[in-house]
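What follows is each chain in one-letter form.
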Amino acid sequence: MTRRYLFTSESVTEGHPDKICDQISDTILDNLLAQDPESRVAAEVVVNTGLVLITGEISSKAQVNYIDLARQKIAEIGYTGEASGFSCHSCAVLVALDAQSPDIAQGVNTAHETRKQASDEELDRIGAGDQGIMFGFACNETPELMPLPISLAHRIARRLSVVRKTGVLPYLRPDGKTQVTVLYENDRPVGIDTILVSTQHTPEIGDITDEAAIQQKIKQDLWDVVVLPVFSDISIKPDANTRFLVNPTGKFVIGGPQGDSGLTGRKIIVDTYGGYSRHGGGAFSGKDPTKVDRSAAYACRYVAKNIVAAGLAERCEVQLSYAIGVARPVSIMIDTFGTGKIDDDRLLQVVKQHFELRPAGIIQAFNLQALPAERGGRFYQDVAAYGHFGRTDIDLPWEQTDKAPLLKAAVSEALSVSV
């Protein structure tokens, strides 16, 4: 019997208040790590009308100007004039930072030379920065091995930013949200049910002042230069039955921090898999890679993606759990949802043999502490908007599928031995 259902995921643009906070937090992280790769960072940001508050815990030898970094990032996002209700030039920026608790740091600091090649014994001595659970996921619905709904939502959100910044649609402002509902049959995507775009815009467009006419122009423009290009290389496309909703309340002039407050870490489902996979609850942005909320979630994605890339499953979810100060994961779980080519327990054994899942080992394998310095002082801020996974516009170490051939070979060997 055919099972049909709808699944929806959303994304937000870089000008959304929560995403402003994520990007400022990760800009701070980038600049601290570029100077001092062993910086301990938990940077939180709050934005509201005319206000930016930088708070959290930071221990670092780096010397940075937090106020300048915040203003530079806000300008890069596009809030440069008073007309949008929030400006990099006039907003107040307050800084209230503490040092990281020594009780937390003691489990991580011992011999934490992960920029160098640490021995297996040293990696065992460097514990996780906190307890917690992390999930990673991959599926074969898209070339980047991500669920189709979140992939499309991100593509549309990125495209909104492109047409705004390049002047194709100069009346757009930085704040925006996208949402895509996909029709599934027997767990495979077969159609696009609904596309929703809410985008901030100027009160008038050229000489058009009538509200209804403005909304009609925005809807047509978005369809022509935002939505259609996104689907140019995708086999499943909108059709006559697809609903296209734009600014359903009628207009979206007041937005950004003027329209709503923002907080670091409040878009964790947007950051990951759009609700398609489980989430451990920990945010990523503003946290240095000794925090397993971030680094272990990247490792989970790496494992899951390589399993799917190797053809060993159509869908795969990986869970890790850690205890503070303990190096090796407390638990590892793999679920292929009945799509695995081998038993999940056997696949788990192969993963344990071929993936480094200790916190210091993850940092070393992905070079997570040194990447900002190697990439001109910016790395984490570039994944702070439009998703941390499935990115095709940025070279991310956890998105590599270099382990896929090794996994295939290991599974083939295990199967031949068992026979």
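For the structure, see preceding data.
The model shown is predicted, which means the values in this text are computed figures rather than measured ones.

A few words now on the overall build of the chain. Each helix and strand in the chain was counted, giving 13 helices and 11 strands. For the chain, the C-alpha atoms occupy an extent of roughly 75 × 60 × 30 Å along the three principal directions. Put simply, the chain has 419 residues, and 56% of those count as buried. In the chain, the proportion of contacts linking residues at least 24 apart, taken out of those at least 6 apart, comes to 74%. Of the roughly 17,000 Å² that the chain leaves accessible, carbon and sulfur atoms contribute 50%.

Let's shift gears to the nonpolar core. Formed by 105 residues in total, the largest nonpolar core has its most connected members in Val52, Leu222, Ile307 and Trp398. Broken down by element, this core gets its largest block of residues, 11 residues, from helix 9 (residues 292-309). For Ile307, the residues in contact, after removing those within four places along its chain, are Leu312, Ala313, Cys316, Ile334, Leu347, Val351 and Leu407.

So, on to the packing of aromatic side chains. Scanning the entire structure with this criterion turns up 18 aromatic pairs. Taking the centre distance of 5.9 Å and the plane angle of 80 degrees together, the rings of Tyr298 and Phe389 count as edge-to-face. One end of the pair, Tyr298, is in helix 9; the other, Phe389, is in the loop between helix 12 (371-374) and helix 13 (404-418), and 91 residues separate them in sequence. Assigned by exposure class, Tyr298 and Phe389 land together as buried. In this structure, Lys403 packs its charged tip against the face of Phe355, placed 5.5 Å from the ring centre.

Let us now look at the sheet that holds strand 10 (residues 315-322). The 3 strands lie next to each other as 5-10-11, forming an open sheet whose pairing is antiparallel. For this open sheet the edge positions go to strand 5 (132-139) and strand 11 (331-335), each flanked by a neighbour on one side alone. If you compare each strand with its neighbour and ignore which way they point, the axes differ by 10 degrees on average. Two elements, strand 5 and strand 10, share 8 bridges in a ladder whose sense is antiparallel. When the bridges of strand 10 are listed, Gly136 appears paired with Val318.

Okay, the pairing of strand 8 (residues 243-246) next. For a regular strand, side-chain orientation follows a simple rule: the groups alternate between the two sheet faces. Every second residue of strand 8 is oriented toward a common face, the buried set being Phe244 and Val246 and the non-buried set Arg243 and Leu245. Bridging between strand 7 (residues 188-201) and strand 8 involves 4 bridges; their strand directions are parallel. Paired with Val197 across the two strands is Val246, which belongs to strand 8. Handedness of the crossover is the feature at issue here: the chain leaves strand 7, passes through helix 6 (residues 211-230), returns alongside strand 8, and the resulting connection is right-handed.

The next point concerns the sheet that holds strand 3 (residues 51-59). A sheet is described by the order of its strands in space; here 4 strands give the open sequence 4-3-2-9, paired in mixed fashion. In this open sheet, the two strands that pair with only one neighbour each are strand 4 (92-98) and strand 9 (262-263). Relative to strand 9, strand 2 (residues 40-48) is paired through 2 bridges, and the arrangement is antiparallel. What sits directly across from Val46, in strand 9, is Leu263.

What counts, and where the lines are drawn
- Residues numbered from 1 in each chain as written.
- Predicted model: local features only at pLDDT ≥ 70, side-chain atom pairs only at ≥ 80, totals over all residues.
- Heavy atoms only, no water.
- Helix = DSSP H or I, 4+ residues; strand = E, 2+ residues; numbered from the N terminus.
- Buried < 20%, exposed > 50% of the residue type's maximum accessible area, 1.4 Å probe, protein only.
- Contact = heavy atoms within 4.5 Å.
- Areas by Shrake-Rupley, 256 points an atom, 1.4 Å probe, with all protein chains shown as cover.
- Core = buried A, V, L, I, M, F, W, Y, C linked by side-chain atoms within 4.5 Å.
- Phe/Tyr/Trp six-rings, centres within 6.5 Å; stacked < 30°, edge-to-face > 60°.
- Lys NZ or Arg CZ within 6 Å of the ring centre and 35° of its normal.
- Pairing = 2+ DSSP bridges.
- Axes fitted to C-alpha atoms, helices over the stretch in contact; angles between N-to-C directions.
- Right-handed = clockwise from strand over helix to strand, strands pointing away.

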